[in-house]
Amino acid sequence: MYRCRPGTIARHLKLYEEFGWPVQSRHLGQPLYMRTESGDVNSYVHSWVYENVDGRAQKRAALAADPDWQDYLKKSAEADYLVSQVNSLMTGVPFFRP
């Protein structure tokens, strides 16, 4: 879950759409993205699905090494739209197969 400074979420998502999304989806696949409609309206969530921990580590390493990703991280830090980021590693339940 990501939380943006009030009034900046649209600008943050536009920056991500232009510079982060292309490189991240190239390495990690297609996540589920959702923007908060009630509660903390300055938040959004995305979920990535990996086959296993090793596959996740390999994909994340390739992403981290990509100059396009490093460029996006620099742009995002300079924009200073994000207040917080919370990551959770989760495991699937037996009855659901993505």
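Computed from a predicted model, the values in this text were never measured in an experiment.

Caption draft 1: Spatial organisation of the overall build of the chain. Helices and strands together make up the secondary structure of the chain, namely three helices and four strands. Per-residue burial for the chain yields a buried fraction of 26% across its 98 residues. Pairs at least 24 apart in sequence give 70% of the contacts found in the chain among residues at least 6 apart. In the structure as shown, the chain presents an accessible area of about 7100 Å², 55% of it carried by carbon and sulfur atoms. Side-chain charges in the chain split into 12 positive and 11 negative, and the spacing between the mean points of these groups amounts to 2 Å.

Caption draft 2: Main features of the packing of helix H2 (residues 53–65) against helix H3 (residues 67–79). Two elements in contact, H2 and H3, have axes separated by 5 Å at closest approach and are oriented at 70°. The orientation of H2 with respect to H3, classified from their angle, is roughly perpendicular. Of H3, the residues touching H2 (which contributes Leu-63, Ala-64 and Ala-65) are Pro-67, Trp-69 and Gln-70. Its residues assigned to classes, the contact of H2 with H3 shows five nonpolar, one polar and no charged.

Cut-offs applied
- Residues numbered from 1 in each chain as written.
- Predicted model: local features only at pLDDT ≥ 70, side-chain atom pairs only at ≥ 80, totals over all residues.
- Heavy atoms only, no water.
- Helix = DSSP H or I, 4+ residues; strand = E, 2+ residues; numbered from the N terminus.
- Buried < 20%, exposed > 50% of the residue type's maximum accessible area, 1.4 Å probe, protein only.
- Contact = heavy atoms within 4.5 Å.
- Areas by Shrake-Rupley, 256 points an atom, 1.4 Å probe, with all protein chains shown as cover.
- Lys, Arg positive; Asp, Glu negative; His and termini not counted.
- Charge placed at Lys NZ, Arg CZ, Asp CG, Glu CD.
- Axes fitted to C-alpha atoms, helices over the stretch in contact; angles between N-to-C directions.
- Parallel < 35°, antiparallel > 145°, perpendicular 65-115°, else oblique.
- Nonpolar A, V, L, I, M, F, W, Y, C, P; charged D, E, K, R; others polar.

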